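Each chain, written out:
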Amino acid sequence: GQYGGTWRRAYNGISDRWGSTKLMEERIVEYMPTADGNITIVPNWVDEYEMSPDAREFSFHIREGLRWSDGELVTTEDVKFWYDDVFNNTLFREEPHQFLTTNGVPLEIEIVDDYSFVVKFQDPYPLFPFIMAKEGTGSPGLTRDNFLLPAHYLKNYHPNYVAEDKLAEIAAEYGVDTWKDLWDSKGPIQSWWLNPDLPVISAWKIEQPAPGERTVMVRNPYYHQVDAEGNQLPYIDYITHDLFEDLETLNLWVVQGQIDMQSRHIDSLGNYTLFKENEANGDYHMVTWRNASTNALYPNLNVPDPVLAELFNDANFRQALSVAINREEIVDIITNGLSEPRQASP
């Protein structure tokens, strides 16, 4: 790759944070495609992890030398702060996410040393690494990492470390009512999307936040991933999101070649012909790929009507219904032949 440049995208307002956030997620482990087309789980900001034979304990080792975007080292102090001061603090959240529990009992964390920690569950949880490759534990706020919060920064806004009257002054400076509002998912402190000073471990960080005609994300100089030749990622210096008020404006930007890569807001099949006809003029190309969703008919097996319930619970009826559906015709009419007829499956 070549270093430099700006990746141009678009957003439709301060609430449209997920388009940017999906570029920022750094899970403790991640899904990785293999050469034979399968998917495996690999370490990300940890360099190794291990599951106990009974799947109740998961040991992790943070990459030594890993740094936040402000240059501070990432250690288990950041894990301890997340666990002790946020996860187990009812002032922030009354109930943990269900995927951080087994049979309603929350996980426990044991800090082993500066870089090693163990996540413990009451019951076996063999799917935990697969869940962590998708879900974030950073709530409240919008840090999307697992088990990590920048303790050296966020302690300055936390009631366990700052006097209540001082927190009230800080809240007033930021224009919010209470210190809790600082930590809200849309608040000025713990949301990477709104706070340029919040340290992150992701490839970019916010430099010019919403709201505004343009948001700007800038490369993290301490990002930990490299390419196959050992060159530090990311290649791209900046990511911008320009504000649009209606989809017609965004469509115009696309056909004029003002959007470099994006699917959010523009992946409607209704735009297919427009975008395809303007590929050459806009100097872009459109890509279609397999979606993660399937449109299907699901008979309600618990319908109150006893006649329908008996009918729907008859496997012969459901099989006949499946055979009777003309999938090819539906694909031709609804998606102009761009979808693939298939049977619904898990």
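Residues numbered from 1 in each chain as written. Predicted model: local features only at pLDDT ≥ 70, side-chain atom pairs only at ≥ 80, totals over all residues. Heavy atoms only, no water.

*Asks:* What's the story with the overall build of the chain in this structure? I'm lost.
*Replies:* Looking only at helices and strands, one finds twelve helices and twelve strands in the chain. Burial analysis of the chain (346 residues in total) assigns 40% to the buried set. Accessible surface computed for the chain: about 19700 Å², of which carbon and sulfur atoms make up 49%. Within the chain, one finds 26 positive and 55 negative side-chain charges whose respective centroids are separated by 1 Å. (Helix = DSSP H or I, 4+ residues; strand = E, 2+ residues; numbered from the N terminus. Buried < 20%, exposed > 50% of the residue type's maximum accessible area, 1.4 Å probe, protein only. Areas by Shrake-Rupley, 256 points an atom, 1.4 Å probe, with all protein chains shown as cover. Lys, Arg positive; Asp, Glu negative; His and termini not counted. Charge placed at Lys NZ, Arg CZ, Asp CG, Glu CD.)

*Asks:* Where do I start with helix α2 (residues 76–87) in this structure?
*Replies:* Helical geometry: 3.6 residues make up each α-helical turn, so side chains three or four residues apart lie on a common side. A large share of α2 lies buried, amounting to nine of its twelve residues. Tucked inside the fold, the buried residues of α2 contact β5 (57–62), β7 (105–106), β8 (108–111), β9 (116–120) and α4 (151–154). (Contact = heavy atoms within 4.5 Å.)

*Asks:* It is not clear to me how the nonpolar core should be interpreted in this structure. Could you clarify?
*Replies:* Most often, soluble globular proteins have nonpolar side chains that are buried together. Of all hydrophobic cores here, the largest spans 61 residues; its most connected members are L107, F117 and F147. Non-local contacts of L107, meaning those with residues more than four positions away in its chain, are made with W82, Y83, F87, L100, V119, K120, F121 and F147. Residues A10, V254, V255 and I259 belong to the second largest nonpolar core, which totals ten residues. (Core = buried A, V, L, I, M, F, W, Y, C linked by side-chain atoms within 4.5 Å.)

*Asks:* Would you mind showing me how to read the pairing of strand β10 (residues 204–208) here?
*Replies:* Regular strands place side chains that alternate from one sheet face to the opposite one. Pairing between β10 and strand β11 (residues 214–219): four bridges, direction antiparallel. When the sheet's bridge partners are listed, Q208 is paired in β11 with V216. Hairpin connection from β10 to β11: five residues lie between these consecutive antiparallel strands. (Pairing = 2+ DSSP bridges.)

*Asks:* So what exactly am I meant to see when it comes to the packing of aromatic side chains here?
*Replies:* The relative placement of two aromatic rings is captured by the distance of their centres and the angle of their planes. In the structure shown here, the tally under the stated rule is 24 aromatic pairs. Relative to F128, the ring of F58 has its centre 5.0 Å away and its plane inclined at 50°; by these criteria the two rings are tilted. Taken as a pair, F58 in strand β5 and F128 in helix α3 (residues 128–132) lie far apart in primary sequence, 70 residues in all. Residue class for F58 comes out buried when judged on its relative accessible area of 0%. (Phe/Tyr/Trp six-rings, centres within 6.5 Å; stacked < 30°, edge-to-face > 60°.)

*Asks:* For this particular structure, what's the right way to read the sheet that holds β5?
*Replies:* Within a sheet, each strand pairs with its neighbour through backbone hydrogen bonds, oriented either parallel or antiparallel. An order of β4-β5-β9-β8 is seen for the four strands of this open sheet, with the pairing classed as antiparallel. Only two strands of the sheet have a single partner each, and these edge strands are β4 (46–51) and β8. Strand-to-strand twist across the sheet, computed as the mean angle between neighbouring axes with direction ignored, equals 20°. (Axes fitted to C-alpha atoms, helices over the stretch in contact; angles between N-to-C directions.)

*Asks:* Even after reading the chapter, I still don't get the sheet that holds strand β1 (residues 6–11), so can you show me in this structure?
*Replies:* Read across the sheet, four strands follow the order β1-β12-β11-β10 without closing on themselves; strand pairing throughout is mixed. Of all strands in the sheet, those bounded by a partner on one side alone are β1 and β10. Recorded for the sheet is a direction-independent mean angle of 25° between the axes of neighbouring strands. Of the strand pairs in this sheet, β1 and strand β12 (residues 238–243) are connected by six bridges, and their pairing is parallel. Each bridged residue has a counterpart across the sheet, and for T6 the counterpart in β12 is Y238.

*Asks:* I would appreciate a short explanation of the environment of T335 in the present structure.
*Replies:* Assignment of secondary structure puts T335 in helix α12 (residues 327–335). The class for T335 is buried, based on a relative accessible area of 10%. Along the backbone, T335 and Q319 are 16 residues apart, and their C-alpha atoms lie at a distance of 25 Å. Apart from the residues lying within four places of it in its own chain, the contact partners of T335 are L269 and I330. There is a polar contact of 3.0 Å between the side chain of T335 and the side chain of S339. (Polar contact = N/O pair within 3.5 Å; in protein donor to acceptor, adjacent residues only side chain to side chain.)

*Asks:* Explain the pattern of salt bridges to me, please; I cannot follow it from the model alone.
*Replies:* Any two side chains of opposite charge can pair if their charged atoms end up close together. A complete count under the given rule lists twelve salt bridges for this structure. In this structure, E135 and K134 form a salt bridge, with 3.2 Å as the shortest nitrogen-oxygen distance. Residue K166 is joined to E169 by a salt bridge in which the shortest nitrogen-to-oxygen separation is 4.0 Å. One end of the pair, K166, and the other, E169, are both in helix α5 (residues 164–173), three residues apart, so they sit about a helical turn from each other. Judged by its relative accessible area of 40%, K166 is partly exposed. By relative accessible area, which is 45% here, E169 ends up partly exposed. (Salt bridge = Lys/Arg side-chain N within 4 Å of Asp/Glu carboxyl O.)

*Asks:* Looking at this structure, how should I read unusual backbone geometry?
*Replies:* Note on backbone geometry: most residues besides glycine have negative phi, and most peptide bonds are trans. Residue P211 follows A210 across a cis peptide bond; omega there is 0°. Relative to the helices and strands, P211 resides in the loop between β10 and β11. Each neighbour pair has its own omega, and for L233 with P234 the value is 0°, a cis peptide bond. A positive phi angle, close to 50°, is found at N103, a residue other than glycine. Positionally, N103 belongs in the loop between β6 (101–102) and β7.

Function cannot be inferred from these measures alone, as they are strictly geometric.
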